[in-house]
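Geometric and topological summary
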Amino acid sequence: MSNTEKGGLHRVRNFLSCRQVLNLLTMLGFMLNYALRVNLTIAIVDMVRPNVTASSGNGTLAGNGTTGNSSSSVTTSSPDGVDVYEERFPWDTYQTNFVLGCFFWGYILTELPGGRLAELIGGRRVFGHSMLWASLLTLITPLAAHINYVVLIVVRVVLGFMLGASWPAIHPVAAVWIPPMERSKFMSNMMASSLGAAITMPICGYLISVAGWASVFYLTGAVGLLWSLAWFTFVYETPATHPRITAEERREIEEAIGTTTSKKRPSHVPWGQLLCSPAVWAIIICHGLAVFGFFTVVNQLPTFMSQILHFDIKQNGLFSSLPYLGKYVMAVASSYLADYLRKKGTLSTTATRKLFTTFALVIPGLLMILQVFLGYDATWSVTIFSLALFAHGAVTAGYLGNGLDIAPNFGGTIFGLANTLSSFGGFLSTWMVGALTYHDKSFHQWQIVFWILGATYISGAVVFAILGSGELQPWNNPPERVKISDVTQEEGVPLKNEK
């Protein structure tokens, strides 16, 4: 390597450390993760023919007859006066909701296996490949819709299958790359999905008006491919295998992590000890209750405001984006504060996790109780809705990354297990609201929903306050049963002592 090349590499190292690059790409990755997931939610409004009612006895995959030949072609004018030619499909309400919901069939299947796989072969591979294949599937989504309704269903299920592995896969990445006292800040990158929501919706809405609904999938898929290229180019499994890391940064990471994360990846999960650990169940139960509340707030409150208050929050760009932006700001701010308090020794890890979890869940719980009494007013409802999401962002400094505190070697498995069970929260919240308001859509019935939400949020905080812990668990380093192949370890080059 020439002196010029060495000087250029040195300047790059001084500008961005390997951890900063990892943080940046992780944040962008979760923003794209959301975009790849919800692009259909935005585009489907323009994909479906208006005023198509549910057909009696014909809302099935086999009998809907929705092939590419049954679609209709329309020409619309963009804001610039350019005609946009696109096809629309004769899907009724049932079929539309079916294609939106089938994503979760695949999503729920790979949460736990994805976390464990990331522990065995590395989070870089699992997270990167899940996003890469999801991007490719997104690019072919318009083609799938034109071929056949069933083909589109299959693509969406496989897309969920891929993206389901991405969330738990990031925990093993943090276990080997991020010092324990910086992990709250790193986990706040997961909340960049909320930032992705605030950005994706208006951009995709504009794209549809200018270039048609298919452009949404082409743009998000193409950006996903570019991100995948950057991820596999600049991110490596461990500091020891990174060719561009400085000796100083590698030593800082390895000394900070110490023996909490094994260099030899454990070949098996101590399931008995893991499932009998109160600290693990604190995460699982708390995450399940918190996600149930969050899904209900995000998915059902707009329905309440539309049906009861006749106020369409989705049509107001500010009210649609502000809660998500606020949630991300809270996630970052609370995570920095949590790591600061831990580094200074002001609070122990256990006290920090319990404090921020309590804040992130009790505040929304109290706000939902306030909604019982003030929810009949649109202004109050929007304010309460926004504040609840804002406060909920503090979970990144609370229980969300707690698996890395108690068992960094199995952080992916713990989060995968918690997220698998919590995924049912979305279905359960929809069923609950439907059951309570099916025959009676009065404000009284919605008051029952708000009481349940308040109790759910506060119960999650109470469970974590009693069972939660920030202490490293003794089963984090189980004895090996068999010799592990050297291929999967990627030990890297030993760090030389440099003065």
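For clarity, every value in this text was computed on a predicted model and none was experimentally measured. (Residues numbered from 1 in each chain as written. Predicted model: local features only at pLDDT ≥ 70, side-chain atom pairs only at ≥ 80, totals over all residues. Heavy atoms only, no water.)

1. Concerning the overall build of the chain
- Secondary structure assignment for the chain yields 22 helices and two strands.
- Here the chain holds 499 residues, and the buried ones make up 54% of them.
- Long-range contacts, defined as pairs at least 24 residues apart, comprise 84% of the intrachain contacts of the chain with a sequence gap of at least 6.
- A total of about 21600 Å² of accessible surface is found on the chain, and carbon and sulfur atoms cover 66% of it. (Helix = DSSP H or I, 4+ residues; strand = E, 2+ residues; numbered from the N terminus. Buried < 20%, exposed > 50% of the residue type's maximum accessible area, 1.4 Å probe, protein only. Contact = heavy atoms within 4.5 Å. Areas by Shrake-Rupley, 256 points an atom, 1.4 Å probe, with all protein chains shown as cover.)

2. As for the packing of helix 21 (residues 424–437) against helix 22 (residues 443–467)
- One can describe the packing of helix 21 onto helix 22 by two numbers: an axis separation of 9 Å at closest approach and a directional angle of 150°. Here helix 22 runs roughly antiparallel to helix 21, going by the angle between their axes. Helix-helix and strand crossings are classified by hand; for helix 21 and helix 22 the assignment is right-handed. In contact with M432, V433, L436 and T437 of helix 21, helix 22 contributes Q445, W446, I448, V449 and I452. (Axes fitted to C-alpha atoms, helices over the stretch in contact; angles between N-to-C directions. Parallel < 35°, antiparallel > 145°, perpendicular 65-115°, else oblique. Left-handed = near helix turned anticlockwise from the far one by under 90°.)

3. Re the packing of aromatic side chains
- Inspection of the entire model under this criterion finds 18 aromatic pairs.
- Considering the side-chain rings of F98 and W105, the 5.2 Å spacing of their centres and the 85° angle between planes classify their relative orientation as edge-to-face.
- Both rings, one in W446 and one in F450, keep their centres 6.3 Å apart while their planes meet at 40°; by these two values the pair is tilted. With W446 and F450 both in helix 22 and four residues apart, the pair spans about one turn of that helix. (Phe/Tyr/Trp six-rings, centres within 6.5 Å; stacked < 30°, edge-to-face > 60°.)

4. So, helix 11 (residues 192–211)
- Helix length check: helix 11, at 20 residues, gives a terminal C-alpha distance of 27 Å against a target of 28 Å (1.5 Å per residue), a fit within 8%.
- Maximum bend of helix 11: about 25°, positioned at T200, with proline P202 one to four residues after it.
- Of the positions making up helix 11, those classed as buried are A192, S193, S194, L195, G196, A197, A198, T200, C204, L207 and I208.
- One or two positions beyond helix 11, positive phi appears at G212, with a value near 95°. (Expected span 1.5 Å × (residues − 1). Bend = angle between axes of the 7 residues up to and from the residue.)

5. Points about the environment of P474
- Mapped onto the secondary structure, P474 falls in the segment after helix 22.
- Remark: the alpha-carbon pair of P474 and Q273, spanning 201 residues in sequence, is separated by 9.2 Å.

6. Some words on helix 21
- Its 14 residues place the ends of helix 21 20 Å apart at the C-alpha level, agreeing with the 20 Å of an ideal helix rising 1.5 Å per residue.
- Burial in helix 21 covers these residues: G425, G426, S429, M432, V433 and T437. Buried residues along helix 21 cover an arc of 130° about the axis, so they all sit on one side. (Arc of directions from axis to C-beta.)

7. Points about the nonpolar core
- Judged by nonpolar contacts, the single largest core of 126 residues is most densely connected at M47 and I170.
- When near neighbours in sequence (up to four residues on either side) are disregarded, I170 contacts T26, F30, F127, F186, M187, M190 and W231. (Core = buried A, V, L, I, M, F, W, Y, C linked by side-chain atoms within 4.5 Å.)

8. Here we look at the side chain of N39
- Locating N39 in the fold gives a position in helix 2 (residues 18–47).
- Setting aside residues up to four positions removed in sequence, N39 forms contacts with T138, R156, V216, F217 and T220.

9. Structural notes on the pattern of salt bridges
- Under the definition given, this model contains eleven salt bridges.
- Salt-bridge contacts for E252 lead to R19; the nearest nitrogen and oxygen are separated by 3.0 Å. Separated by 233 residues along the polypeptide, E252 in helix 13 (residues 247–257) and R19 in helix 2 bring together distant segments of the chain.
- The class for E252 is partly exposed, based on a relative accessible area of 41%. (Salt bridge = Lys/Arg side-chain N within 4 Å of Asp/Glu carboxyl O.)

10. Structural notes on a nonpolar patch on the surface
- Together, W271, L275, W281, I285, L421, F424, F427, V462, I466 and L467 make up an exposed nonpolar region whose accessible area comes to about 900 Å².
- Those elements that provide at least two residues to the nonpolar patch are helix 14 (271–275), helix 15 (278–307), helix 21 and helix 22.
- Here the element with the most residues in the nonpolar patch is helix 22; it accounts for three residues.
- When you line up the elements, L421 lands in helix 20 (residues 411–422).
- Note on L421: relative accessible area 43%, which makes it partly exposed. (Patch = residues over 30% accessible without salt bridge, like charges linked within 9 Å, V, L, I, M, F, W, Y side chains within 5 Å.)

11. Overview of the environment of L25
- Along the chain, L25 falls in helix 2.
- When the C-alpha positions of L25 and A230 are compared, they lie 7.9 Å apart, and in sequence the two are 205 residues distant.
- Beyond its immediate chain neighbours, meaning those up to four positions away, L25 contacts W227, A230, W231, F234 and V235.

12. Let's talk about the side chain of S215
- Among the secondary structure elements, S215 is positioned in helix 12 (residues 214–234).
- Overall, S215 belongs to the buried group, its relative accessible area being 12%.
- Setting aside anything within four residues of it in sequence, one finds S215 in contact with L207 and I208.

13. Overview of the confidence of the model for the chain
- Confidence along the chain averages 82 in pLDDT terms, with 82% of residues attaining 70 or more.
- Taken element by element, the chain is modelled with least confidence in helix 1 (residues 3–15), mean pLDDT 50, and with most confidence in helix 6 (residues 123–139), mean pLDDT 96.
- Note on residues 4–12: pLDDT under 50 across the span, and three contacts to partners over four residues away in sequence or across chains.
- Across residues 53–69 the pLDDT falls below 50, and counting only partners more than four positions away or on other chains, this stretch makes 28 contacts in the model. (pLDDT = per-residue confidence, 0-100.)

14. With respect to the environment of L163
- Take L163: it is sitting in helix 8 (residues 149–164).
- Using a relative accessible area of 0% as the deciding quantity, one classes L163 as buried.
- When the C-alpha positions of L163 and Y34 are compared, they lie 9.4 Å apart, and in sequence the two are 129 residues distant.
- With residues up to four places along the chain from it excluded, the contact list for L163 reads N33, L36, R37, F103, Y107, S130, M131 and A134.

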